[in-house]
Amino acid sequence: SVLDGGCGTGILHGAARERGHTGRLVGLDPADAPLEVGRRDRDDIEWVLGDLVEGPYDGEAEPLEKGAFDLIVMSGHAFQVFTTDEDLRENLTSVRRLLSEGGRFVFETRNPAVRGWEAWSPERVRTVDGPGGRKATCVHRLREVRGELVTFTSDYSVEGWDEPQVSRSTLRFPDADTVNGFLAEAGLRVSAQYGYWDRSPLTEESAEIITFARPA
């Protein structure tokens, strides 16, 4: 049984089903819009509006049971939305509660040593084909770096819109020692750590900190 915390539209679980996974898959996200996309695409996944600490928001879904999951994942750098020590402690405590004794928690966070936020500038534009063939564009703008916290805005525009929609976000960039300290505090031990998805070693130059953790 696998829980994807911050699952978005559920691409990861969808890929698991397509590759033959037959067990329980639960997609958890605090935003309903991406879950609606997931529900539209697949009905063989449990879609839950909620978060790791509070569980389901609407009271309709079953509560997340203690020890129910063999694997909990957080992808897309979702781990970095926990910007305070309290956020980290609460969410990691919940992860530990939801994991089976032989389970694993796997997630990635950007390595602050490479200062990846410096590339978040209007010169770097991402454009994709949206609905009806209209071009959709995203531009990031770095606003502030304060310690481990990086604040930026994202401008989203689609052909035909009068003006772009702008969102403001703050992410935390903890280093590996900080991550590992919070994991240990929550009763989780690191079983492996990599610098990228090819399992290359974690170094100062690594783009990612990819962590596998187990109940201590």
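Reference entry: report on the structure contained in this document. (Residues numbered from 1 in each chain as written. Predicted model: local features only at pLDDT ≥ 70, side-chain atom pairs only at ≥ 80, totals over all residues. Heavy atoms only, no water.)

Let's talk about the nonpolar core
Argument step 1. Counting 26 residues, the largest nonpolar core has Phe-79 and Phe-105 as the members making the most contacts within it.
Argument step 2. Looking at this core, the elements that each hand over two or more residues are strand S2 (25-29), strand S5 (69-74), helix H3 (85-98), strand S6 (99-110) and helix H4 (176-185).
Argument step 3. With 4 residues, H3 is the largest single contributor of residues to this core.
Argument step 4. Discounting residues that sit within four places of it in the chain, Phe-105 has contacts with Ile-72, Met-74, Phe-79, Leu-92, Val-95, Leu-99, Leu-183, Leu-188, Thr-211, Phe-212 and Ala-213.
Argument step 5. Ranked by size, the runner-up nonpolar core spans 7 residues in total, among them Leu-25, Leu-35, Trp-47 and Leu-49. (Core = buried A, V, L, I, M, F, W, Y, C linked by side-chain atoms within 4.5 Å. Buried < 20%, exposed > 50% of the residue type's maximum accessible area, 1.4 Å probe, protein only. Helix = DSSP H or I, 4+ residues; strand = E, 2+ residues; numbered from the N terminus. Contact = heavy atoms within 4.5 Å.)

Let's talk about the layout of surface pockets
Argument step 1. In this model, the largest pocket occupies a volume close to 1,300 Å³.
Argument step 2. For the largest pocket, the lining is made up of 35 residues, of which Gly-76, Arg-110, Arg-126, His-140 and Tyr-156 are closest to its centre.
Argument step 3. Breaking the lining of the largest pocket down by element, the ones donating at least two residues are helix H1 (11-18), strand S7 (125-129), strand S8 (135-146), strand S9 (149-158) and strand S10 (165-172).
Argument step 4. Residue contributions to the lining of the largest pocket peak at 5 residues, all from S9.
Argument step 5. Class assignment for the residues of the lining of the largest pocket results in 16 nonpolar, 15 polar and 4 charged. (1 Å grid on protein atoms, 1.4 Å probe; cavity = no way out; pocket = protein on both sides within 12 Å on 5 of 7 lines; lining within 4 Å. Points joined across faces, edges and corners; volume = space filled by probe spheres on them. Nonpolar A, V, L, I, M, F, W, Y, C, P; charged D, E, K, R; others polar.)

So, the pattern of salt bridges
Argument step 1. Considering all chains together, one arrives at 16 salt bridges under this definition.
Argument step 2. With a closest N to O distance of 2.9 Å, Arg-42 and Asp-44 form a salt bridge.
Argument step 3. Since its relative accessible area comes to 32%, Asp-44 is described here as partly exposed.
Argument step 4. Residues Glu-101 and Arg-96 are paired through a salt bridge, measuring 3.3 Å at the closest nitrogen-oxygen approach.
Argument step 5. Each member of the salt-bridge network shares a partner with another, and the members are Arg-17, Glu-18, Arg-42 and Asp-44. (Salt bridge = Lys/Arg side-chain N within 4 Å of Asp/Glu carboxyl O.)

Things to note about the sheet that holds S2
Argument step 1. Taking strand neighbours across the sheet as the criterion, the 8 strands line up as S4-S3-S2-S1-S5-S6-S12-S11 in an open arrangement whose pairing is mixed. For this open sheet the edge positions go to strand S4 (55-56) and strand S11 (188-194), each flanked by a neighbour on one side alone.
Argument step 2. Examined bridge by bridge, strand S1 (residues 2-5) and S5 share 3 bridges and lie parallel to one another. Paired with Val-2 across the strands is Leu-71, a residue of S5. (Pairing = 2+ DSSP bridges.)

A closer look at the sheet that holds S8
Argument step 1. Pairing is antiparallel in the open sheet, where 4 strands are placed in the order S7-S8-S9-S10. Each end of this open sheet is capped by a strand with a single partner; those strands are S7 and S10. Neighbouring strand axes in the sheet, compared pairwise and without regard to direction, differ in orientation by 25° on average.
Argument step 2. Across 8 bridges, S9 lies against S10 in antiparallel orientation. (Axes fitted to C-alpha atoms, helices over the stretch in contact; angles between N-to-C directions.)

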